[in-house]
Amino acid sequence: MCGIVGYIGKRDATPVLVEGLHRLEYRGYDSAGLAVIARGRLQLTKTAGRVQDLRDKLGDKPGKATVGIGHTRWATHGEPNETNAHPHTDAGHRIAVVHNGIIENAEALRAQLTGEGVRFATETDTECLAHLVARELEASDEATLEEAVVATLRRVEGAYGLAFLDTKNPDQLVVARNGSPLVLGLGESEMFVASDVAALVRYTRQVIYLDDGEVATIKATDYHTTTLAGGAAGNSVKTPTVVDADADDYELGGFSDYMRKEIYEQPDAIRRAVMGRLDERFATAKLGGVNLDARELRNIKRVKFLGCGSAYYAGQMGAALVEELARIPADAEPASEFRYRSPVVDPDTLYVAVSQSGETSDTLMAVQELKRKGGQVMGAVNVVGSAIGRECGHGIFLHAGPEVAVASTKALTNMVVNFALLSLLLGRVRDLSAAHGTRVVNGLRNLPSQVAGILNAEAEIAAIAHRYAEAEHMFFIGRVRGWPVAREGAQKLKEISYVHAEAYQAGELKHGPLALIQHEMPSVVVIPADDLIAKNISTVEQIKARGGPVIAVTSVEIPDGLADATIRVPRAEPELEPILFNIPLQLFAYHAAAKLGRDIDKPRNLAKSVTVE
Ligand code: F6R
């Protein structure tokens, strides 16, 4: 949610910043801008459009600057126009700042500054930071940029990832983090800073993840960090982490967009998730990141998954797996609800915080709330070094590889695969038989080729999606194992195609929503190979009897002509079937959106990592 990037070194800073912004564009794409220092002056370029528009505006003339900051925006305060695009400056154009997050006391700070005669140029919360830092520097010739930033941030409430540029100190950048991610990239006589490693990996894989409350001063050849609490007394240099990704992981590699690329990466993503984690001999799973011994695993009385959006639906699928394989009561709840509802935290419950990015503010806050109340929480995250992963301290790494498209596909799949591993582990220290465990182990091993088989049917799924893409509304119907699948299918369709899609439990249809069924309202009905096939077939008949078109997604034989269109899913181990059912629904949403001409990787109003409330 907003991408920030900074560079200081020997290169021409502008192309480095533009390239970084291009990599970060999935975090927000309302507007973009950058500031560099050339011949002692700030040079600012902004656009209300995409990073490509910024690139066009800049042209390809070599620049004169070797230091600068850039930003791609997901608007919170102020409409997404050129004026409100970052970077923002003080009135004297000495300081430029880019910001990811929300300054909660911006109104009060703005009122105070206005009262002191400061004139604001934008509607953003960020601008007051440029004024405040400039005023700190004006007040004392001795003050360093870092001291001015620290003094300013002590007055600020809210979440931020920030980078400051000062024309009077062109040999440095000062950056700060509180609730929004920031990572430093260490190069040879050059340094980078960005909201995530995607912007850095083509230059360096040596990175430093900043912690909340940390401020760093970055020069071309060195850096140090300090804390808001400790001030200059806390200066330190941190041990770098080597990033396990390279620039190719962020390339399209022949695909026209990231969503389809990531859909096609799922067989490999699943292979990575299970690699070295299946124990054939004892028919169980090995999860090195879970710091719980057999006794502690056995003492868990309940499992609760917390996540937002698709991560919550993945948690619902995980809860079903835990109940079925381990016979422990389990459920999932949106982290955004949990954090606000004063939950009763039970010490015998294992809480699992689920997040692709590891940054989602609501999920992070839920984790912090849990820890405050003594809950045992582990992470299930995809991004190494992310805030949620670090806050949890232990858990399961998803191994999906970098996910760029806003609509989650391979990360969601790997969440559920990992929950199957966790359920197997929990089940095998309880009542799950070795024979059943072996079936699940084999079922997990078979998933990659089964997913590849579904991908081979893309053309047929696309034809069905095209047939129904013009519908204004659609139902996604499922029950029990099919219910979270229906929810996730509806979520995918609405976020990238903007078709109104509503998920309903099959049994609930007759208690109200059936009134909506008519010829213009297609229903996607999920029919797995479980004990409820007859019930699901009867649901299809109820919809058909009222003139509603039905698209059946099924791993069983259903009567000829029952549905208007049928998408076939291979049979898997029954508990694992939801993992396979998600795949055709991703393709269905993708092709409906493509038919409608949507910008698939950058759906309107959305951004990949939601680091604000
Ligand atoms: C949907 C989607 C979102 C995310 C949600 C949580 O395709 O991507 O609903 O699942 O914003 O994000 P993470 O998993 O990063 O916490």
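That block above? That's the structure.
Here goes a summary of the coordinates provided. Because the structure is a prediction, the values reported are computed rather than measured. (Residues numbered from 1 in each chain as written. Predicted model: local features only at pLDDT ≥ 70, side-chain atom pairs only at ≥ 80, totals over all residues. Heavy atoms only, no water.)

What follows concerns helix α17 (residues 533-545). The α-helix winds at 3.6 residues per turn, so residues separated by three or four positions along the chain end up facing the same way. For α17, built from 13 residues, the straight-helix expectation of 18 Å at 1.5 Å per residue is met to within 8% by its first-to-last C-alpha distance of 18 Å. Within α17 the residues assigned to the buried category are Asn-536, Ile-537, Thr-539, Val-540 and Ile-543. Mapping the buried residues of α17 onto a view down its axis gives an arc of 150°, with all of them on the same face. The outward face of α17, more than 90 degrees from its buried face, is lined by the exposed residues Ala-534, Lys-535 and Ala-545. (Helix = DSSP H or I, 4+ residues; strand = E, 2+ residues; numbered from the N terminus. Expected span 1.5 Å × (residues − 1). Buried < 20%, exposed > 50% of the residue type's maximum accessible area, 1.4 Å probe, protein only. Arc of directions from axis to C-beta.)

Below, the discussion takes up empty space enclosed by the protein. Summed over the entire model, instances satisfying the criterion amount to three cavities of 30 Å³ or more. Each pocket or cavity is described by its volume, and for the largest cavity that value is around 110 Å³. Pro-181, Ser-195, Tyr-209, Val-383 and Ser-386 are, among the 16 residues lining the largest cavity, the residues nearest its centre. Its residues placed into classes, the lining of the largest cavity shows eight nonpolar, four polar and four charged. Split by domain, the residues of the lining of the largest cavity number at least three in each of domain 1 (3-250) and domain 2 (253-454). Size it by volume and the second largest cavity reaches roughly 60 Å³. Every residue lining the second largest cavity is counted, 11 residues in all, and those nearest its centre are Arg-73, Thr-76, His-86, Gly-101 and Asp-125. Looking at the lining of the second largest cavity residue by residue, the classes come out as two nonpolar, seven polar and two charged. (1 Å grid on protein atoms, 1.4 Å probe; cavity = no way out; pocket = protein on both sides within 12 Å on 5 of 7 lines; lining within 4 Å. Points joined across faces, edges and corners; volume = space filled by probe spheres on them. Nonpolar A, V, L, I, M, F, W, Y, C, P; charged D, E, K, R; others polar. Domains from an automatic or database assignment.)

Moving on, we come to the nonpolar core. Formed by 126 residues in total, the largest nonpolar core has its most connected members in Val-352, Leu-444, Phe-476 and Phe-588. The residues contacting Val-352, other than those within four sequence positions of it, are Val-303, Lys-304, Phe-305, Leu-306, Met-378, Ala-380, Phe-419 and Leu-422. (Core = buried A, V, L, I, M, F, W, Y, C linked by side-chain atoms within 4.5 Å. Contact = heavy atoms within 4.5 Å.)

So, on to the sheet that holds strand β25 (residues 523-527). Pairing in this open sheet of five strands is parallel, and the strands run β24-β23-β25-β26-β27 from one edge to the other. If you trace the sheet from one side to the other, it starts and ends with β24 (500-505) and β27 (565-568), each paired once. In this sheet, neighbouring strand axes are inclined to one another by 20° on average, regardless of whether the strands run parallel or antiparallel. Examined bridge by bridge, strand β23 (residues 473-478) and β25 share three bridges and lie parallel to one another. Each residue of the ladder has a partner; that of Ile-477, found in β25, is Val-525. The sheet strands contacting helix α16 (residues 482-497) are β23, β24 and β25, and the helix crosses β24 at an angle near 175°. Strand contacts of α17: β23, β25 and β26 (550-554), with the helix running at about 165° to β25, the strand carrying the most contacts. (Pairing = 2+ DSSP bridges. Axes fitted to C-alpha atoms, helices over the stretch in contact; angles between N-to-C directions.)

What follows is about a negative patch on the surface. Residues Asp-244, Asp-246, Asp-248 and Asp-249 make up a contiguous surface patch of negative charge. Along the polypeptide, Asp-244 turns up in the loop between β15 (241-242) and α6 (258-264). (Patch = residues over 30% accessible without salt bridge, like charges linked within 9 Å, V, L, I, M, F, W, Y side chains within 5 Å. Areas by Shrake-Rupley, 256 points an atom, 1.4 Å probe, with all protein chains shown as cover. Salt bridge = Lys/Arg side-chain N within 4 Å of Asp/Glu carboxyl O. Lys, Arg positive; Asp, Glu negative; His and termini not counted. Charge placed at Lys NZ, Arg CZ, Asp CG, Glu CD.)

Taken together, the neighbourhood of the ligand is formed by 15 residues, with Ser-355, Gln-356, Ser-357, Thr-360 and Glu-495 sitting nearest. Between the ligand and Gln-356, the relevant distance is 2.7 Å, taken from an oxygen atom to a main-chain nitrogen or oxygen of the residue. Val-406 places a main-chain nitrogen or oxygen 3.1 Å from an oxygen atom of the ligand. Protein chains shield 90% of the accessible area of the ligand, which is 400 Å² for the free molecule. Per element, the largest residue contribution to the shell around the ligand is three residues, and it comes from α16. Of the residues that constitute the shell around the ligand, the class distribution is five nonpolar, eight polar and two charged. When we break the shell around the ligand down by domain, the ones giving at least three residues each are domain 2 (253-454) and domain 3 (457-601). (Near = heavy atom within 4 Å. Polar contact = N/O pair within 3.5 Å; in protein donor to acceptor, adjacent residues only side chain to side chain.)

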